[in-house]
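Tertiary structure, described
As a plain string of letters, each chain reads:
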Amino acid sequence: MKKILSIDGGGIKGVFPASFLSVIEESVGKKISDYFDLIVGTSTGGIIALGLGMGFSAKELLEFYEQEGPKIFNGDKLTRFLRSVGISKYSNEPLRKSLEIKFTDKKLGESKNRLVVPSLNLENGEVHVYKTAHHERFQRDYKEKIVDIALATSAAPTYFPTYNSASGTPLVDGGLWANNPMGLAVVEAIGVLNWPKDQVKVLGIGCTTEPLNIKLARRFPMGKAYWGFRVADLFMSAQSSASFGTAQLLAGHENVIRISPSVANGKFGLDVIKEIKSLKGLGDSEARKALPNIKQFFTDKVDQFNPIYKL
């Protein structure tokens, strides 16, 4: 059986999946990365995926969010608002510095797991997906620095500036098309790695879910002023639903599990650092509740990943 871990995007809400995995890790007594053949993550989930691939424990990644989160999403409300009107809400320099401290100059080719981390190319509107050398076609990405990949997948429009790669390609957050990457993960497993679909199990972890707040649009023909603040939430909800459904259709409903607890509207936000403690607590409680149902993922360690191309 091949096991896949999928982690959503969500900014500082990445504390939830990091906390969730940390509790699971403590319960099974081994690193999370020991139990998955493929790890796929978008944006903040991409940073966690990269960290797991580099051999960090989930606990170490949780500590990274707790310590570095307030530095990355810094500044007072007025400054952030004024910046967001004309430019990105935050500079990506604090994020870059935090990533460099954690990952130094490590490269994707050093990953102990197969990894898939999505981004988006602004030059042509095409998807740009970073992958370890787990297929003979993937001859370049393994040479990329982890820090660069992390900056590319997490460059959320309005929050962070576009990331320009060494080759000059303008890249932004993979969450624009795969914030919930479960479907992408199963397509990679079946379509690229040729794993039999009845031998694939997927554990997807979201960064919490809020109910859609579009009551007026159900009754009245609302315009730009209304939809301007809600269309992103609608898009994200639809993408996540489609991705989850794709994973279920391809791998079988019984082989796909998703963890993303519903929370009140506005409770958490991509940059709301004051709720880090609450997100950590929610991850802890949800992991303890879910453990009996996901033990199947943590009974046996997976075989060692041997990339086709090496540094």
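Preceding this section is the structure that the text describes.
Below is a summary of the structure that appears in this document.

Parameters at a glance
- All chains use their own residue numbering, which begins from 1 and follows the written sequence.
- Since the coordinates come from a predicted model, pLDDT governs what is reported: local features require at least 70, and pairs of side-chain atoms require 80 or more to be given and counted, while whole-chain, interface and lining totals use all residues.
- Excluding hydrogens and water, the side-chain values take into account all heavy atoms of the structure.
- By definition, any uninterrupted DSSP run of H or I lasting at least four residues is a helix, any uninterrupted run of E lasting at least two residues is a strand, and each is numbered from the N terminus.
- Throughout, radius of gyration means the C-alpha value; the globule benchmark is 2.2 Å times the number of residues raised to the power 0.38.
- Surface accessibility in these figures is a Shrake-Rupley result with a 1.4 Å probe; residues are shielded only by whichever protein chains are displayed.
- We count Lys and Arg on the positive side and Asp and Glu on the negative side, and we leave His and both chain ends out.
- Every charge is mapped onto a representative atom, which is NZ of Lys, CZ of Arg, CG of Asp or CD of Glu.
- Planes of paired rings set the category: under 30 degrees apart is stacked, over 60 is edge-to-face and the rest tilted, where pairs are Phe, Tyr or Trp rings (Trp by its six-membered ring) whose centres lie within 6.5 Å.
- Buried residues are those whose accessible area, probed at 1.4 Å on protein chains only, stays under 20% of the maximum for their type, while exposed residues exceed 50% and partly exposed ones sit between those limits.
- Charge-over-ring contacts are defined here by two conditions on Lys NZ or Arg CZ: a distance within 6 Å of the ring centre and an angle within 35 degrees of the ring normal.
- Each pair of strands is called paired provided DSSP finds at least two bridges between the two strands.
- Each patch groups residues whose relative accessible area exceeds 30% and which form no salt bridge, using 9 Å between like charges and 5 Å between nonpolar side chains of Val, Leu, Ile, Met, Phe, Trp and Tyr.
- Salt bridge, as used here: a side-chain nitrogen of Lys or Arg that lies within 4 Å of a carboxyl oxygen of Asp or Glu.

1. Brief notes about the overall build of the protein chain
Helices and strands together make up the secondary structure of the protein chain, namely 11 helices and 8 strands. Computed over the C-alpha atoms, the radius of gyration of the protein chain is 19 Å, within 12% of the 19 Å expected from 2.2 N^0.38 for a compact globule of 311 residues. Counting only C-alpha atoms and orienting by the principal axes, one finds that the protein chain spans roughly 50 × 40 × 35 Å. Here the protein chain displays about 14800 Å² of accessible surface, and carbon together with sulfur accounts for 52% of that area. Averaged over its 40 positive side-chain charges, the protein chain has a centre that lies 4 Å from the centre of its 32 negative ones.

2. Concerning the packing of aromatic side chains
Tallied over the full model, the rule gives 11 aromatic pairs. Residues Phe 73 and Tyr 90 carry aromatic rings whose centres are separated by 5.3 Å and whose planes lie at 85 degrees to one another, so their mutual orientation is edge-to-face. Here Tyr 90 lies in the loop between α4 (77-86) and α5 (93-103) and Phe 73 lies in the loop between α3 (58-72) and α4, a separation of 17 residues in the sequence. Both residues of the pair, Phe 73 and Tyr 90, count as buried. Ring plane angle 20 degrees and centroid distance 6.1 Å describe the contact between Tyr 142 and Tyr 309, whose orientation is recorded as stacked. Remark: Tyr 309 occurs in the segment after α11 (276-294) and Tyr 142 occurs in the loop between β4 (127-131) and α6 (146-153); sequence separation between them is 167 residues. Looking at Tyr 142, the relative accessible area reads 10%, which means it is buried. Connected via pairs of aromatic rings, a cluster forms that spans Tyr 35, Phe 36, Phe 297 and Phe 298. The ring centre of Phe 56 lies 4.4 Å from the NZ or CZ of Lys 102, which sits over that ring.

3. Re the pairing of strand β1 (residues 2-7)
Counting buried positions over the 6 residues of β1 gives 5, a clear majority of the element. Direction of pairing for β1 relative to strand β7 (residues 200-205): parallel, over a ladder of 6 bridges. Each bridged residue has a counterpart across the sheet, and for Lys 3 the counterpart in β7 is Lys 201. Note that β1 and strand β2 (residues 38-41) share 4 bridges and pair parallel.

4. Remarks on a positive patch on the surface
A cluster of basic residues, Lys 107, Arg 140, Lys 143 and Lys 145, forms a positive patch at the surface. Checked against the element boundaries, Arg 140 lands in the loop between β4 and α6.

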